[in-house]
Structure formats: structure tokens, C-alpha cells
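Next come the chains, spelled out residue by residue.
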Amino acid sequence: SQTIHQWPATLVQPVGSPLSLECTVEGTSNPNLYWYRQAAGRGLQLLFYSVGIGQISSEVPQNLSASRPQDRQFILSSKKLLLSDSGFYLCAGWASGNTIYFGEGSWLTVV
Amino acid sequence: QKEVEQNSGPLSVPEGAIASLNCTYSDRGSQSFFWYRQYSGKSPELIMFIYSNGDKEDGRFTAQLNRASQYISLLIRDSKLSDSATYLCAMSGTGGYNKLIFGAGTRLAVHP
């Protein structure tokens, strides 16, 4: 079964600083990968998805970008963070069956 | 706008009772529906998925799908204190790629 790892688990960043969150997948190949964000007390919002290396689709206009340099690696980035970028970021993957699994999540606080 | 609506709760039930969680969706073309459990500060864990009209049972959990009413529910029998969490329902959108659209979640509190 697939396992998704995310890091860092927690970070506090000043406004205007860059961001890089990384996600790697084990136990499967060529998965669909997703970045979701969950604001406090809210549901999950899909930010990006990728069906293969170098293939990124954005769901909402925002201050963030995503990249997929390798089959099992998915990166979420920002050049300059905003206060509104704070939240719980979740990497997820789908490989087979009817299930999407999540990584442990990354808590981002922009101050 | 494709949406999934859930009552935010909290839903409070005594230990051993049946908890009933509900969800409505707007996109009639949605193929599959999912229930996730999320403990505070943690990532969501899949409980079960359903894509056929009717009931699907897995242990203490039963998911129900009613496509005519665009309604899904999750029943938790013999509720335990450890069931206290936020329950998220999700549907797969018609755009493909298994993109899931989530509701905001219902908080369940099981008390002794």
C-alpha cells in the first residue's frame, strides 16, 4: 500500500519569505498527487494536482506554485508568503482502487 | 459550483449509541463518495467509500447513498469515545483525475 511522507511538519514563516513543502510517496508508481489546504475550522480546498512528472494543474489562483520533478515527489512553493497562506497543508495520492490517502500534513503559520 | 454540504455540529451522542452524520451534494454526475475521519491536528483517515445506491457496511460503520436525493450518510453503531473527531464527506468531481471535493466536516463528540 502507498505511504505518503511530508515535511516539514510545522513551520513558522514571516510574511514575504519563501516556502517549500515536500511530499514523497512510497509503495506505488505513477500516482496522481494532490495538494490540499485546510484553513482553521474549514474543509479541505484542492490547490494543485498532478498526473505525472512535470504535469501540474492549478485549481485556484493564488500565491503558491507546485512542481513534480520526479514520479514520487511533489513540492509546494511560494516566493513570498502572505498571512492568508497560513493553514494545514496536506499532500495526497491516488494510485489504485478507489481511495485517496493523505500524508501527515504540514502546519504553516505566517507571521 | 460543485459543493458538498455538511452540518458543522457538534453532534453529541452518548457512548454506545448510534451516531448519524449526513451530507448533501450538488453535482449529480459525481461517481464516488467518501467518508474520512479527522482527529484534531491530524490528517484525514479514510473510513469507507461508496458508489452504488443503497447501503455499504464495514464493521460498526454503514455508509448510505441516495442519488435521487443527492444525499449520503454515515451511521456509526455502538459509538466509542475514540470516535470523537471531525467527519468529512467528499465526492469525486466529474472532471476526472480522482479530484475530491470535501465538505467542511461535522464534529462528533461521544460522551460517557
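That block above? That's the structure.
Our subject in this report is the structure included herewith. Just so it is clear, the structure is predicted and the values come from calculations on it, not from any experiment.

**Section: the overall build of chain A**
Next up, step 1: Counting its regular elements, chain A contains 0 helices and 11 strands.
Next up, step 2: Along chain A, helices (α) and strands (β) appear in the sequence β-β-β-β-β-β-β-β-β-β-β when read from the amino end.
Next up, step 3: The C-alpha radius of gyration computed for chain A amounts to 13 Å, which stays within 12% of the reference 13 Å derived for 111 residues, consistent with globular compactness.
Next up, step 4: By its C-alpha atoms, chain A is 40 × 30 × 20 Å across when sized along the principal axes.
Next up, step 5: Burial analysis of chain A (111 residues in total) assigns 46% to the buried set.
Next up, step 6: When contacts within chain A are restricted to residue pairs at least 6 apart in sequence, long-range pairs at least 24 apart make up 53% of them.

**Focus: the overall build of chain B**
Next up, step 1: In terms of regular secondary structure, chain B is built from 0 helices and 11 strands.
Next up, step 2: The secondary structure elements of chain B, listed N-terminal to C-terminal, are β-β-β-β-β-β-β-β-β-β-β.
Next up, step 3: Counting only residues that meet the buried cut, chain B has 44% of its 112 residues in that class.
Next up, step 4: Taking the contacts inside chain B whose residues are at least 6 apart along the sequence as the reference set, 55% of them involve residues at least 24 apart.
Next up, step 5: Surface exposure of chain B reaches about 5,300 Å², of which carbon and sulfur atoms provide 48%.
Next up, step 6: The distance from the centre of the 11 positive side-chain charges to the centre of the 10 negative ones in chain B is 4 Å.

**What about the environment of Ile18 of chain B?**
Residues and elements named next belong to chain B.
Next up, step 1: Tracing the sequence through the fold places Ile18 in the loop between β2 (11-14) and β3 (19-25).
Next up, step 2: Taking the C-alpha atoms as reference points, Ile18 and Ile76, separated by 58 residues in sequence, lie 5.5 Å from one another.
Next up, step 3: Setting aside residues up to four positions removed in sequence, Ile18 forms contacts with Val13, Leu75, Ile76, Arg77 and Ser79.

**Observations regarding the interface of chain A and chain B**
Next up, step 1: At the interface, 21 residues of chain A touch 19 residues of chain B.
Next up, step 2: Across the interface of chain A and chain B, roughly 1,600 Å² is buried in total on both sides, 59% from carbon and sulfur atoms.
Next up, step 3: Applying the counting rule to chain A against chain B returns 1 salt bridge.
Next up, step 4: In this structure, Glu59 of chain A engages Lys99 of chain B in a salt bridge whose closest nitrogen and oxygen atoms are separated by 3.3 Å.
Next up, step 5: Our enumeration of links across chain A and chain B arrives at 6 residue pairs in polar contact (both at pLDDT 80 or more).
Next up, step 6: Looking at the side of chain A that touches chain B, the elements with two or more residues in it are β4 (32-38), β5 (44-52) and β9 (87-94) of chain A.

**Re the pattern of salt bridges**
Residues and elements named next belong to chain B.
Next up, step 1: Evaluated as defined, the whole model comprises 8 salt bridges over all chains.
Next up, step 2: A salt bridge links Arg37 to Asp83, with the shortest nitrogen-to-oxygen separation between them at 4.0 Å. Here Arg37, found in strand β4 (residues 33-38), pairs with Asp83, found in the loop between β8 (71-76) and β9 (85-92); they are 46 residues apart in sequence, far enough to count as distant. Judged on exposure class, the residue Arg37 and its partner Asp83 are both buried.
Next up, step 3: Notably, a salt bridge pairs Lys80 with Asp78, separated by 3.2 Å at the nearest N-O pair.
Next up, step 4: For Lys80, a relative accessible area of 34% puts it in the partly exposed group.

**A few points about the environment of Tyr101 of chain A**
Residues and elements named next belong to chain A.
Next up, step 1: As for its position among the elements, Tyr101 is in strand β10 (residues 101-102).
Next up, step 2: Tyr101 sits in the partly exposed class, given a relative accessible area of 37%.
Next up, step 3: Between the C-alpha atoms of Tyr101 and Leu82, which are 19 residues apart in sequence, the distance is 28 Å.

**Thoughts on unusual backbone geometry**
Next up, step 1: The amide bond that connects Trp7 of chain A to the next residue, Pro8 of chain A, takes the cis arrangement and shows omega of 0 degrees.
Next up, step 2: In this fold, Pro8 of chain A is placed in the loop between β1 (3-7) and β2 (10-13).
Next up, step 3: Here the amide bond leading from Gly9 of chain B into Pro10 of chain B is cis, since omega sits at 10 degrees, within 30 degrees of zero.
Next up, step 4: Structurally, Pro10 of chain B is set in the loop between β1 (4-6) and β2.
Next up, step 5: The phi torsion at Asn30 of chain A lies on the positive side, around 50 degrees, for a residue other than glycine.

**A look at the packing of aromatic side chains**
Centre-to-centre distance and the angle between the planes together describe a pair of aromatic rings.
Residue and element names in this part refer to chain B.
Next up, step 1: For the structure shown, the criterion picks out 12 aromatic pairs over all chains.
Next up, step 2: Between Tyr25 and Phe33 the ring centres are 4.5 Å apart and the planes differ by 45 degrees, which places this aromatic pair in the tilted class. The pair Tyr25 / Phe33 is uniform in exposure class, with both members buried.
Next up, step 3: Here Tyr36 and Phe102 contribute two aromatic rings whose centre-to-centre distance is 5.6 Å and whose plane-to-plane angle is 55 degrees, an arrangement assigned as tilted. A residue pair is termed long-range when its members are at least 10 positions apart, and Tyr36 in strand β4 and Phe102 in strand β10 (residues 100-102) qualify at 66 residues.

Rules used throughout
Residues numbered from 1 in each chain as written. Chains lettered and ligands numbered in written order. Predicted model: local features only at pLDDT ≥ 70, side-chain atom pairs only at ≥ 80, totals over all residues. Heavy atoms only, no water. Helix = DSSP H or I, 4+ residues; strand = E, 2+ residues; numbered from the N terminus. Rg over C-alpha atoms; globule rule 2.2 N^0.38 Å. Buried < 20%, exposed > 50% of the residue type's maximum accessible area, 1.4 Å probe, protein only. Contact = heavy atoms within 4.5 Å. Areas by Shrake-Rupley, 256 points an atom, 1.4 Å probe, with all protein chains shown as cover. Lys, Arg positive; Asp, Glu negative; His and termini not counted. Charge placed at Lys NZ, Arg CZ, Asp CG, Glu CD. Buried area = accessible area lost by both parts, 1.4 Å probe. Salt bridge = Lys/Arg side-chain N within 4 Å of Asp/Glu carboxyl O. Polar contact = N/O pair within 3.5 Å; in protein donor to acceptor, adjacent residues only side chain to side chain. Phe/Tyr/Trp six-rings, centres within 6.5 Å; stacked < 30°, edge-to-face > 60°.

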